[in-house]
Amino acid sequence: MSLYPIIPIIAIAGGAYIVINTLFTQPLNAAIGLVITVIGLAIYYSRKSKFTK
């Protein structure tokens, strides 16, 4: 019996709980983290096309 669909669902639910809890308990730190992530994604996508053939 494989637990494939159950284990990833538990992991995703746990991660979502941590993110949502952080947003409510530490909104400033969460906002700073989100801004850094968005800046990193923008840099990644702008530089990605320069390195692919």
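Structure's up top.
First things first, this report covers the structure right here in the doc. Bear in mind the structure is a predicted one, so any value in this text is a computation, not a measurement.

**Some thoughts on the overall build of the protein chain**
Helices and strands together make up the secondary structure of the protein chain, namely 2 helices and 0 strands. Since a compact globule built from 53 residues should have a radius of gyration of about 10 Å, the 17 Å found for the protein chain marks it as more spread out than a globular shape. Principal axes of the C-alpha set define a box for the protein chain whose edges measure 45 × 35 × 5 Å. A total of 53 residues make up the protein chain; the buried ones form 2% of that total. As presented, the protein chain carries roughly 5000 Å² of accessible surface, and 76% of it is formed by carbon and sulfur atoms.

**Overview of the packing of aromatic side chains**
In the structure shown here, the tally under the stated rule is 1 aromatic pair. Look at Tyr44 and Tyr45: their rings are 5.0 Å apart centre to centre, the planes differ by 70 degrees, and that puts the pair in the edge-to-face class. Exposure remark for Tyr44: the relative accessible area of 47% places this residue in the partly exposed category. A relative accessible area of 54% places Tyr45 in the exposed class.

**So, the environment of Lys48**
Inspection of the secondary structure puts Lys48 in helix 2 (residues 27–51). For the pair Lys48 and Ile10, spaced 38 residues apart in sequence, the C-alpha separation works out to 32 Å.

**Looking at a nonpolar patch on the surface**
Together, Val19, Ile20, Leu23, Phe24 and Leu34 make up an exposed nonpolar region whose accessible area comes to about 520 Å². Locating Val19 in the fold gives a position in helix 1 (residues 6–25).

What counts, and at which threshold
- Residues numbered from 1 in each chain as written.
- Predicted model: local features only at pLDDT ≥ 70, side-chain atom pairs only at ≥ 80, totals over all residues.
- Heavy atoms only, no water.
- Helix = DSSP H or I, 4+ residues; strand = E, 2+ residues; numbered from the N terminus.
- Rg over C-alpha atoms; globule rule 2.2 N^0.38 Å.
- Buried < 20%, exposed > 50% of the residue type's maximum accessible area, 1.4 Å probe, protein only.
- Areas by Shrake-Rupley, 256 points an atom, 1.4 Å probe, with all protein chains shown as cover.
- Phe/Tyr/Trp six-rings, centres within 6.5 Å; stacked < 30°, edge-to-face > 60°.
- Patch = residues over 30% accessible without salt bridge, like charges linked within 9 Å, V, L, I, M, F, W, Y side chains within 5 Å.
- Salt bridge = Lys/Arg side-chain N within 4 Å of Asp/Glu carboxyl O.

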